[in-house]
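Architecture at a glance
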Amino acid sequence: MRIHTGEKPFQCSECQKKFSIKASLYRHELTHSVEKRYQCSECPKNFKLKSLITAHVRIHTGEKPYQCSECQECFNKKRHLTLHIRTHTGEKPYQCSECQKCFNKKRHLTLHIRTHTGEKPYQCSECQKCFNKKRHLTLHIRTHTGEKPYQCSECPKQFQLKSLLTAHVRFHTGEKPFSDKMRLTKHTRTHTWVKRYRCTECPKHFKLKSILAAHVRFHTGEKPYQCSECQRCFSNKMRLTKHTRTHTWVKRYRCTECNKCFSEKSSLTQHIRTHTGEKPYQCSECQICFSQKAISLSI
């Protein structure tokens with residue numbers, strides 16, 4: 001039941017970390033008191049428990065004794081198999097008591113709960129800014145230290161984020177994949193979907209009813225989305241959202257390389273290409289590549 005409620009009544013007297021079951025507290029307390037007497041024969045690492053060194057040795061041997069009965073994929077740890085099986089069963093045993101949303105991993109629930117509580121346990125020692133994820137703090141600290149741990153093997157450039165290095169490497173290899181799986185999925189639909197929604201004013205056809213509705217407004221001149229600040233009207237909600245930022249000047253998209261801020265994510269994406277050198281838009285006539293679509297179309 002505590003899995004669902006998040007209750008953790010068992011607390012470590014050394015570091016105040018809490019646990020939902022007593023056995024977990026006992027195992028944790030060993031990390032404070034027990035000497036690391038189990039040494040790996042392959043590397044310098046030492047472990048306090050025999051079970052931990054057994055699991056670690058599999059990294060060196062490549063042994064994966066835990067096999068999924070559904071797809072035969074193998075794992076070196078039993079808990080990794082348990083998590084994998086949930087991708088087949090759809091089981092999500094960890095439920096948020098606030099909104100009833102369910103998760104297949106306990107740490108995902110822990111992170112989610114912070115969206116309700118506002119808890120940000122990771123604080124920057126330089127500027128006292130707080131974060132709800134340790135990874136976000138690590139990335140933030142690099143803005144103070146200037147650390148760029150990801151280096152290109154082809155040229156001297158370095159980056160703060162692995163994703164920026166990946167995008168930059170494509171500049172050398174010429175690879176042009178989709179930036180994420182969602183964009184690939186959307187693109188795939190352009191090959192398979194029938195354009196069954198036809199405009200009555202012009203010969204254009206559309207695959208989605210919502211896109212047709214937005215298109216029709218170009219013919220009717222309808223602009224149902226109005227700015228509350230200056231009463232300017234727009235034909236779609238996205239353009240109103242972009243326009244609203246010109247009044248508030250909220251620049252919430254920051255470049256991790258030079259700290260420059262932008263009000264729109266698309267502007268940040270274009271700016272990042274000045275660091276990575278990525279040029280994803282190619283002219284079909286002369287094969288010259290460009291960093292912005294508008295430039296490629298104007299040639």
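This text gives an overview of the structure that appears in the document. (Residues numbered from 1 in each chain as written. Predicted model: local features only at pLDDT ≥ 70, side-chain atom pairs only at ≥ 80, totals over all residues. Heavy atoms only, no water.)

Topic: the overall build of the protein
Selection criterion: By definition, any uninterrupted DSSP run of H or I lasting at least four residues is a helix, any uninterrupted run of E lasting at least two residues is a strand, and each is numbered from the N terminus. When we talk radius of gyration, it's over C-alpha atoms, and the globule rule is simply 2.2 Å times the number of residues to the 0.38. A contact between two residues is defined here by any heavy atoms of the two lying within 4.5 Å. Surface accessibility in these figures is a Shrake-Rupley result with a 1.4 Å probe; residues are shielded only by whichever protein chains are displayed.
Helix and strand counts for the protein come out as 12 helices and 20 strands. Taking 2.2 N^0.38 as the reference for a compact globule, 299 residues should give roughly 19 Å; the C-alpha atoms of the protein span a radius of gyration of 26 Å, well beyond that estimate. Taking the principal axes of its C-alpha atoms as reference, the protein extends roughly 75 × 50 × 50 Å. Here the analysis covers contacts within the protein between residues at least 6 apart in sequence; of these, 11% occur between residues at least 24 apart. For the protein, the computed accessible surface area is about 21900 Å², with 51% contributed by carbon and sulfur atoms.

Structural notes on the nonpolar core
The criterion, for reference: For this analysis, a nonpolar core means a set of buried residues of the types Ala, Val, Leu, Ile, Met, Phe, Trp, Tyr and Cys, connected via side-chain atoms within 4.5 Å. A simple rule labels every residue: compare its accessible area, found with a 1.4 Å probe on the protein chains alone, to the largest value its type can have, and call it buried under 20%, exposed over 50%, or partly exposed in between.
Grouped together as the largest cluster of nonpolar side chains are 6 residues: Cys152, Cys155, Phe159, Leu161, Leu164 and Leu165. Residues in contact with Leu161, not counting those within four places in the same chain, are Leu139, Tyr150, Thr256 and Glu257.

What to know about the state of the cysteines
To be explicit about the condition: In plain terms, two cysteine sulfur atoms within 2.5 Å form what is called a disulfide here.
Scanning all chains against the criterion turns up 0 disulfides. Here Cys43 stays unpaired: no disulfide links it, and the sulfur of Cys40, its closest cysteine neighbor, is 3.8 Å away. Free cysteine Cys127: the closest other cysteine sulfur is in Cys124, separated by 3.7 Å. Overall, Cys127 belongs to the partly exposed group, its relative accessible area being 36%.

Thoughts on the environment of His140
Put simply, the test is: Distance and chemistry together define a polar contact, namely a pair of N or O atoms within 3.5 Å, with one atom able to donate a hydrogen and the other to accept it when in protein, and with adjacent residues in sequence counting only for side-chain atoms on both sides.
Along the chain, the position of His140 falls in helix H6 (residues 134–145). A relative accessible area of 8% places His140 in the buried class. Counting along the chain gives 10 residues from His140 to Cys130, while the straight-line C-alpha distance between them is 9.8 Å. Those residues in contact with His140 that sit more than four places away from it in its chain are Cys124, Cys127, Lys129, Phe131 and Arg254. Polar contacts involving the side chain of His140 include one to the side chain of His144, which spans 3.1 Å.

Details of helix H11 (residues 265–276)
Using the following cut-off: Given the number of residues in a helix, its expected span is that number minus one, multiplied by 1.5 Å.
For H11, which comprises 12 residues, the first-to-last C-alpha distance of 16 Å matches the rise-based estimate of 16 Å (1.5 Å per residue) to within 8%. When we look at burial in H11, the residues that qualify are Leu268, His271, Arg273 and Thr276. Contact partners of the buried residues in H11: strand S12 (158–159), helix H7 (162–173), strand S17 (253–254), strand S18 (261–262) and strand S19 (281–282). Downstream of H11 by one or two residues, Gly277 has phi in the positive range, about 80°.

Focus on the pattern of salt bridges
Basically, it comes down to this: Definition used for salt bridges: Asp or Glu carboxyl oxygen within 4 Å of a side-chain nitrogen of Lys or Arg.
Going through the model one piece at a time under the given rule, you end up with 5 salt bridges. The closest approach of N and O atoms between Arg114 and Glu119, which form a salt bridge, is 3.8 Å. Note on Glu119: relative accessible area 42%, which makes it partly exposed. Arg142 is paired through a salt bridge with Glu147; the nearest N and O atoms lie 3.9 Å apart. Taking relative accessible area as the criterion, Arg142 reaches 11% and is therefore assigned buried. Note on Glu147: relative accessible area 41%, which makes it partly exposed.

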